[in-house]
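Structural overview
Listed below, chain by chain, are the residues.
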Amino acid sequence: MIVLLKENPNAVAVANLKQWLNNEGITVHVSEGERHTILGLVGDTSRLDMSLIQALEIVDDVKRIQEPFKNANRKFHPQDTVIEIGGPGLETARIGGEHFAVIAGPCSVETESQICQVAEAVKKAGATMLRGGAFKPRTSPYAFQGLGAEGIRLLKLAREHTGLPIVTEVMDADQLPLFEDVDVIQVGARNMQNFELLKKLGRMDKPVLLKRGMSATLEELLMSAEYIMAGGNEKVILCERGIRTFETKTRNTLDLSAVPVLKNLSHLPVVVDPSHATGVSKLVAPMSLAATAAGADGLIIEVHNDPERALCDGPQSLRPEAFAELAEKVRGVRAAIRAMA
Ligand code: PEP
Ligand code: MN
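Residues numbered from 1 in each chain as written. Chains lettered and ligands numbered in written order. Predicted model: local features only at pLDDT ≥ 70, side-chain atom pairs only at ≥ 80, totals over all residues. Heavy atoms only, no water.

When helices and strands are counted, the chain shows 10 helices and 14 strands. Its C-alpha atoms give the chain a radius of gyration of 21 Å, within 12% of the compact-globule value 20 Å for 341 residues. In terms of overall dimensions, the chain has C-alpha extents of about 70 × 45 × 45 Å along its principal axes. Here the chain holds 341 residues, and 51% of them are scored as buried. Looking at the chain alone, contacts between residues at least 24 apart form 68% of all its contacts between residues at least 6 apart. Separation between the mean location of the 38 positive side-chain charges and that of the 43 negative ones in the chain comes to 3 Å. (Helix = DSSP H or I, 4+ residues; strand = E, 2+ residues; numbered from the N terminus. Rg over C-alpha atoms; globule rule 2.2 N^0.38 Å. Buried < 20%, exposed > 50% of the residue type's maximum accessible area, 1.4 Å probe, protein only. Contact = heavy atoms within 4.5 Å. Lys, Arg positive; Asp, Glu negative; His and termini not counted. Charge placed at Lys NZ, Arg CZ, Asp CG, Glu CD.)

Surveying the vicinity of ligand 1 reveals 13 residues, the closest of which are R131, K136, A189, K211 and R241. A distance of 2.9 Å separates an oxygen atom of ligand 1 from a polar atom in the side chain of R190. Starting from 300 Å² of accessible surface for ligand 1 in isolation, the protein chains cover 97%. For the shell around ligand 1, the residue count by class is 3 nonpolar, 3 polar and 7 charged. (Near = heavy atom within 4 Å. Polar contact = N/O pair within 3.5 Å; in protein donor to acceptor, adjacent residues only side chain to side chain. Areas by Shrake-Rupley, 256 points an atom, 1.4 Å probe, with all protein chains shown as cover. Nonpolar A, V, L, I, M, F, W, Y, C, P; charged D, E, K, R; others polar.)

Before going further, it helps to examine the coordination of the manganese ion (ligand 2). Tetrahedral coordination by four donors sets the ideal angle at the metal to 109.5 degrees; octahedral coordination by six donors sets it to 90 or 180 degrees. The coordination sphere of the manganese ion (ligand 2), as far as protein atoms go, consists of C107 (SG), H276 (NE2), E302 (OE) and D313 (OD), spread over 2.0 to 2.4 Å. Mapped onto the polypeptide sequence, the residues donating to the manganese ion (ligand 2) form the spacing pattern C-x168-H-x25-E-x10-D. Taken together, the positions of C107 in the loop between strand 7 (101-105) and helix 3 (112-125) and D313 in the loop between strand 14 (298-302) and helix 10 (320-340) put the pair 206 residues apart, joining distant regions of the chain. The pair C107 / D313 is uniform in exposure class, with both members buried. (Donors = N, O, S within 2.8 Å, 3.2 Å for Na, K, Ca; no water.)

What follows covers helix 6 (residues 218-230). Between its first and last C-alpha, helix 6 extends 18 Å over 13 residues, near the 18 Å set by a 1.5 Å rise per residue. Within helix 6 the residues assigned to the buried category are L218, L221, L222, S224, A225, E226, I228 and M229. Where helix 6 is buried, its residues touch helix 5 (195-202), strand 11 (208-211), strand 12 (236-240) and helix 7 (258-265). Looking one or two places after helix 6, you find G232, whose phi comes out positive at around 115°. (Expected span 1.5 Å × (residues − 1).)

Bringing the packing of helix 3 against helix 4 (residues 149-162) into the picture now. Following both chains from N to C, one finds helix 3 and helix 4 inclined at 40°, their axes separated by 9 Å at the closest point. Considering only the axes of helix 3 and helix 4, their crossing is right-handed. Residues E112, I115, C116, A119, E120 and K123 of helix 3 lie in contact with helix 4, whose contacting residues are L154, L155, L157, A158, H161 and T162. Taken together, the residues of the contact of helix 3 with helix 4 break down into 7 nonpolar, 2 polar and 3 charged. (Axes fitted to C-alpha atoms, helices over the stretch in contact; angles between N-to-C directions. Left-handed = near helix turned anticlockwise from the far one by under 90°.)

A relative accessible area of 2% places C107 in the buried class. In the structure, C107 is positioned 39 residues away from G146 in sequence and 9.6 Å away in space, judged by C-alpha atoms. In this structure C107 touches R131, G132, G133, K136, E302, C312 and D313, once residues within four positions along its chain are discounted.

Quick look at the pattern of salt bridges now. Taken as a whole and assessed by the stated rule, the structure comprises 19 salt bridges. Each of R159, D181 and D183 takes part in one network of salt bridges that share partners. (Salt bridge = Lys/Arg side-chain N within 4 Å of Asp/Glu carboxyl O.)

Attention shifts here to the side chain of T278. Examined against the element boundaries, T278 turns out to sit in helix 8 (residues 274-278). Judged by its relative accessible area of 4%, T278 falls in the buried class. A polar side-chain atom of T278 sits 2.8 Å from the main-chain carbonyl oxygen of P274. When sequence neighbours within four positions are dropped, the list of residues in contact with T278 reads T250, R251, L283, V284 and M287.

On to the environment of R138, then. Turning to its location among the elements, R138 is positioned in the loop between strand 8 (129-131) and helix 4. The sequence separation of R138 and T253 amounts to 115 residues, and the corresponding C-alpha distance is 19 Å. Filtering out sequence-adjacent residues up to four positions away, R138 remains in contact with A143, F144, Q145, L311 and C312. Within the structure, the side chain of R138 is placed 3.0 Å from the backbone oxygen of F144, a separation counted as a polar contact. Within polar-contact distance, the side chain of R138 engages the backbone oxygen of L311 at 3.4 Å.

Taken together, the 4 strands give an open sheet; going across it, the order is 2-3-1-4, and neighbouring strands pair in antiparallel fashion. Two strands bound the open sheet, and with one partner strand each, they are strand 2 (27-32) and strand 4 (59-63). On average, adjacent strands in this sheet sit at an angle of 20° to one another, irrespective of strand direction. Where strand 1 (residues 2-5) and strand 3 (residues 37-42) come together, 3 bridges link them in antiparallel fashion. Among the inter-strand pairings, L4 is bridged to a residue of strand 3, identified as I38. (Pairing = 2+ DSSP bridges.)

Here we take up the packing of aromatic side chains. Counted by the stated rule, this structure contains 2 aromatic pairs. Ring centres of F195 and Y227 lie 4.5 Å apart, and the angle between their planes is 20°; this geometry places the pair in the stacked category. Taken as a pair, F195 in helix 5 and Y227 in helix 6 lie far apart in primary sequence, 32 residues in all. (Phe/Tyr/Trp six-rings, centres within 6.5 Å; stacked < 30°, edge-to-face > 60°.)

Below you can see the structure in the form of structure tokens.
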């Protein structure tokens, strides 16, 4: 439920209303706009008498909202959320609002020289964060499963060399102690509705990159973000990575309309993963540019120094030179959009 207050409401009356709502077990999120203040009521509002609130002198309007997600809802939080990533000794990456993030790196961390070479190259090309899987969700149990803890150690080494914050996927809550020093924890498409994992991430103070499940609706994605946010962790980055359709020319179908839809519904930053969405390296550049033009807050792109010999997802990985060319074009699209604004 949302309560829109009149302009310059009586402060005592506002405090009384908040107190009364708190006594009813409702948490009140206050959002101060330029002219109006909005109260976002979180909790079981089903027993609240709307007409009682509507009748108050300070209240302009009361609305029950349709969407079941509240913390992620733009109605409660009109401004874009900006998430700051990094810390002492690291580059600071920001995402959301005016800030665009370019996350790049291999599908999986393979060796020290591989991750360090790719990290140096993507940094030089303008990437703001380094990705790399240490725990890999593979369709076949016989495929390379990732280096695990050693992969995280190597990512940290690459971070030391480049200063780039690191993004890597957790597959199970038991692995979380290994992620204490990771900058952004990725939840993969296959785990989007692992609710116990989401609840645990909600109790951490760490940015989470939440990928859309391959057959998940946007509302389901936002409800998964809500699981994390309901625990107190508001640093959630949404990721569109393609959904499964009847099309076979691409690995998945990139749902680009997800970008404006999500940005309309939510204040959380949205990134696009054109690598998993297409599965074809040639398609990564055009889809990256399209996603940028569609209003994405960032991209997550697979880059490998030797795609033919990659242990995972080589066919969709860009070589560092192709990535550098693409990063330049992405800057061009961003500049063109800014010029139009
Ligand atoms: C990945 O980012 O390497 C990955 C496995 O992605 P997704 O969960 O989107 O398939
Ligand atoms: Mn991959």
